[in-house]
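Residues per chain, in single letters:
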Amino acid sequence: MPRIAAPTNAAQREQTQRKILNAFGELLFTHGLPGLTMTDVARTAGVGRTAVYNYFADLEQLLVAYALDETGKFVVDLRASLDGLENPVDRLAVYVRAQMEDLTRRHLPPGPAMRSVLSNESFAKLGVHVGELNTILMDILRAGMAQRYLPESDVEGLVQLIHGSLTTSASRRNADTPDEDHITGAVRFIQAGVGATFDADGRPIQRA
């Protein structure tokens, strides 16, 4: 009799889909998106090529599913990390650090590259989670301004500048051990860039 890998058909399908998504992410990180095929994904996942097509019609659909899965998990973890932190400057530090660590390990191509390989419809599907991240950051910045830790400024403009800076400064030199000095420097750079100031002990200072 064949060995049953999961207790139910639904669990078996979930396991197979997870193997495919994990294999796709591994290949994105090690080889990049250009030239990647469904056959490569099937081989790395240890499943038949037909099995991959049973879950995803093409590489674009697989890329969107992977991006949504990765970003969704990141948003959940980020919200958990922010819970309990009151000071908006400290919350900004957690946000920047989480983004830097995620981008260091992340297998996804950057936004412009994603747009170039996805249809408008597929790219729009990613906007939900991107919008969640924008909302989290905007809420942090607005709280910082309302509580006088940050000077009044164009919040939406700052969000674009911060995310652009994070994307360009993220280091992928070692995916297993993110560069702590690099991340700390990015945190301080962005905090200073939005106008945060600190006392001699490194605590955020409210503006007069």
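Residues numbered from 1 in each chain as written. Predicted model: local features only at pLDDT ≥ 70, side-chain atom pairs only at ≥ 80, totals over all residues. Heavy atoms only, no water.

Draft legend 1. View of the environment of Ala42. As for its placement among the helices and strands, Ala42 is situated in helix 2 (residues 38–45). Classification of Ala42 by relative accessible area gives buried; the value is 4%. Linking Ala42 and Phe24, residues 18 residues apart in sequence, is a C-alpha distance of 8.8 Å. In this structure Ala42 touches Val47, Gly48, Arg49 and Val52, once residues within four positions along its chain are discounted. (Helix = DSSP H or I, 4+ residues; strand = E, 2+ residues; numbered from the N terminus. Buried < 20%, exposed > 50% of the residue type's maximum accessible area, 1.4 Å probe, protein only. Contact = heavy atoms within 4.5 Å.)

Draft legend 2. Representation of helix 4 (residues 59–82) in the model. Between the first and last C-alpha of helix 4 there are 34 Å, a value that for 24 residues agrees with the 34 Å anticipated at 1.5 Å per step. Of all the positions in helix 4, only Leu62, Leu63, Val64, Tyr66, Ala67, Asp69, Thr71, Gly72, Phe74, Val75, Leu78 and Leu82 are classed as buried. The N-capping residue of helix 4, defined by a side-chain oxygen 3.3 Å from the backbone nitrogen of Glu60, is Asp58. Positive phi appears at Gly84, one or two residues downstream of helix 4, with a value of about 90°. (Expected span 1.5 Å × (residues − 1). Polar contact = N/O pair within 3.5 Å; in protein donor to acceptor, adjacent residues only side chain to side chain.)

Draft legend 3. Summary view of the confidence of the model for the chain. Taken residue by residue, the chain gives an average pLDDT of 84. The fraction at 70 or more is 87%. No element of the chain has a lower mean pLDDT than helix 6 (residues 111–117), which averages 58, and none a higher one than helix 2, which averages 94. (pLDDT = per-residue confidence, 0-100.)

Draft legend 4. Spotlight on helix 9 (residues 155–169). Between its first and last C-alpha atoms helix 9 spans 21 Å; for 15 residues at 1.5 Å apiece the expected length is 21 Å, and the two agree. Buried within helix 9 are the following residues: Val155, Leu158, Val159, Ile162, His163, Ser165 and Leu166. Take helix 9 and look down its axis: the buried residues cluster within an arc of 160°, on one side only. Along helix 9, exposed side chains directed more than 90 degrees from the buried face belong to Glu156, Gln160, Leu161 and Thr168. Sitting at the head of helix 9, Asp154 places a side-chain oxygen 3.3 Å from the backbone nitrogen of Glu156. (Arc of directions from axis to C-beta.)

Draft legend 5. The nonpolar core, seen in detail. Within the largest apolar cluster, 32 residues are counted, with the highest numbers of intra-cluster contacts made by Leu78 and Leu141. Of all the elements in the fold, those that place two or more residues in this core are helix 4, helix 5 (88–105), helix 8 (127–146), helix 9 and helix 10 (180–193). Here this core takes 8 residues from helix 5, the largest share from any one element. Excluding its chain neighbours within four sequence positions, the residues that come into contact with Leu78 are Val94, Tyr95, Ala98, Leu133 and Ile136. Counting 24 residues, the second-largest nonpolar core is a separate cluster that includes Ala42, Val52, Leu62 and Phe123. (Core = buried A, V, L, I, M, F, W, Y, C linked by side-chain atoms within 4.5 Å.)

Draft legend 6. Examining the packing of helix 9 against helix 10 more closely. Running from N to C, helix 9 and helix 10 point in directions that differ by 160°, and their axes come no closer than 11 Å. Between helix 9 and helix 10, the interaxial angle falls into the category roughly antiparallel. The hand of the helix 9/helix 10 crossing is right-handed. Residue-level contacts link Ile162, Ser165, Leu166 and Ser169 of helix 9 to His182, Phe189 and Ile190 of helix 10. Looking at side-chain class alone, the contact of helix 9 with helix 10 contains 4 nonpolar, 3 polar and no charged residues. (Axes fitted to C-alpha atoms, helices over the stretch in contact; angles between N-to-C directions. Parallel < 35°, antiparallel > 145°, perpendicular 65-115°, else oblique. Left-handed = near helix turned anticlockwise from the far one by under 90°. Nonpolar A, V, L, I, M, F, W, Y, C, P; charged D, E, K, R; others polar.)

Draft legend 7. Representation of the packing of aromatic side chains within the structure. For the structure on display, the rule yields 2 aromatic pairs. With centroids separated by 5.6 Å and ring planes inclined at 75°, the aromatic side chains of Phe24 and Tyr66 adopt a geometry described as edge-to-face. With Phe24 in helix 1 (residues 9–31) and Tyr66 in helix 4, the pair connects residues that are 42 residues apart, well separated along the chain. Both residues of the pair, Phe24 and Tyr66, count as buried. Ring centres of Tyr55 and Phe56 lie 6.5 Å apart, and the angle between their planes is 40°; this geometry places the pair in the tilted category. (Phe/Tyr/Trp six-rings, centres within 6.5 Å; stacked < 30°, edge-to-face > 60°.)

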